[in-house]
Amino acid sequence: MALPNHLVAPSLLAADFTRLAEEIQMVNESEADWLHLDVMDGRFVPNITFGMLVVEAARKLCQKPLDVHLMIVEPERYIDAFRAAGADVITVHYEACPHLHRTLQQIKATGAQAGVALTPHTPVEVLEDILELTDLVCIMSVNPGFGGQKFIPRTIPRVRRLKELILAYQTPTRIEIDGGVGLHNAETLLQAGANVLVAGSSVFGAPNPREAVRQLKSIGIETLRF
Ligand code: DX5
Ligand code: ZN
């Protein structure tokens, strides 16, 4: 039986950039829920990827919501631009936002869903007082900056602790996991309370990416115990 309430978001970072239109078409034809787009500035993270232009191009091609992960310093300067480019979910990093409460309000004012990402060393408890402003919390399960890294196992107890906070405050916040996610750990993550799985190399690097999405989507609810 398919799990009805978890989302799968392939990360375009692992796609073949010489064939972006075809790769996005695969996402359209698959059971993927969102397309995840990693914006990196070479300052918050050591790598540089792409900005608004590529998000805008993806918007034209993609029939699914765009989940834009901003790994940049001073993200508040670019929120309106990414929204205008077509972002449906805009996620900023806790570590990049000295005025996170204001930044989340700014995202919501654009009409986008507001997300906060945490690097692996940031305790989930720092979000307690702004949880009600979040539509999504992204727990990074690798150090942000590159695709294809190994999943950090400490992520699992972090997901459980965040889930407890969400239940205590009764917010509709989704828990997204980003980095090293694949069939080998997806079920454990869902059992711990995650409900959005970002998957880069495990989808675009698979022999059949569409089938990889289907498998991530079809992890059985009957095995889950909340
Ligand atoms: C890493 C990015 C991830 C990355 C995930 O900084 O935020 O979204 O694309 O890639 P995989 O699934 O290959 O670890
Ligand atoms: Zn990401």
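Residues numbered from 1 in each chain as written. Chains lettered and ligands numbered in written order. Predicted model: local features only at pLDDT ≥ 70, side-chain atom pairs only at ≥ 80, totals over all residues. Heavy atoms only, no water.

Asker: Before we move on, could you go through the site of ligand 1 and cite the residues and values that matter?
Answerer: The environment of ligand 1 is formed by 20 residues, the closest being Ser11, Asp38, Asp178, Gly200 and Ser201. Glycine 148 has a polar backbone atom sitting 2.8 Å from an oxygen atom of ligand 1. Serine 201 has a polar side-chain atom sitting 2.4 Å from an oxygen atom of ligand 1. Out of a free accessible area of 380 Å², ligand 1 has 99% covered by protein chains. (Near = heavy atom within 4 Å. Polar contact = N/O pair within 3.5 Å; in protein donor to acceptor, adjacent residues only side chain to side chain. Areas by Shrake-Rupley, 256 points an atom, 1.4 Å probe, with all protein chains shown as cover.)

Asker: Got a sec to walk through the packing of aromatic side chains? Specific residues and values, please.
Answerer: Here the structure, examined in full by the defined rule, presents one aromatic pair. With a centroid separation of 6.1 Å and 35° between ring planes, the pair formed by phenylalanine 17 and phenylalanine 50 is classed as tilted. With a gap of 33 residues between them, phenylalanine 17 in the loop between strand S1 (7–10) and helix H1 (20–29) and phenylalanine 50 in the loop between strand S2 (35–40) and helix H2 (52–61) connect regions that are remote in the sequence. (Phe/Tyr/Trp six-rings, centres within 6.5 Å; stacked < 30°, edge-to-face > 60°. Helix = DSSP H or I, 4+ residues; strand = E, 2+ residues; numbered from the N terminus.)

Asker: Got a sec to walk through unusual backbone geometry? Specific residues and values, please.
Answerer: In most cases, non-glycine residues show a negative phi, while peptide bonds are predominantly trans. For glutamate 74, which is not glycine, the phi torsion reads 45° and is therefore positive. Within the secondary structure layout, glutamate 74 lies in the loop between strand S3 (66–71) and helix H3 (79–85).

Asker: Please set out the side chain of threonine 91 residue by residue, giving values where relevant.
Answerer: Its location among the elements puts threonine 91 in strand S4 (residues 89–93). A relative accessible area of 0% places threonine 91 in the buried class. Among residues more than four places away in sequence, those in contact with threonine 91 are Asp67, Val68, His69, Leu70, Gly115, Val116, Ala117, Leu136 and Cys138. (Buried < 20%, exposed > 50% of the residue type's maximum accessible area, 1.4 Å probe, protein only. Contact = heavy atoms within 4.5 Å.)

Asker: Lay out the sheet that holds strand S5 (residues 113–118) in plain terms, naming residues and giving numbers.
Answerer: Within the open sheet, the eight strands sit side by side as S1-S8-S7-S6-S5-S4-S3-S2. Their pairing is parallel. A single partner strand is all that each edge strand has here, and the edge strands are S1 and S2. Going across the sheet, the axis of each strand differs from the next one's by a mean of 25°, ignoring polarity. Relative to strand S8 (residues 196–199), S1 runs parallel, the two sharing four bridges. In the strand pairing of S8, valine 8 is matched with leucine 197. In the packing of helix H4 (residues 100–109) onto the sheet, contacts are made with S4 and S5, and the angle to S5 comes to roughly 145°. (Pairing = 2+ DSSP bridges. Axes fitted to C-alpha atoms, helices over the stretch in contact; angles between N-to-C directions.)

Asker: Any details on the nonpolar core? Residues and values, ideally.
Answerer: By size, the foremost hydrophobic cluster in this structure holds 62 residues, and its most contacted members are Leu35, Leu37, Val68, Ile177 and Leu189. No other element matches helix H5 (residues 155–169), which puts five residues into this core. Excluding anything up to four places from it in sequence, leucine 189 contacts Phe151, Thr155, Ile156, Val159, Ile177, Val181, Ala194 and Leu197. With 11 residues, the next largest nonpolar core counts Leu136, Cys138, Met140 and Val142 among its residues. (Core = buried A, V, L, I, M, F, W, Y, C linked by side-chain atoms within 4.5 Å.)

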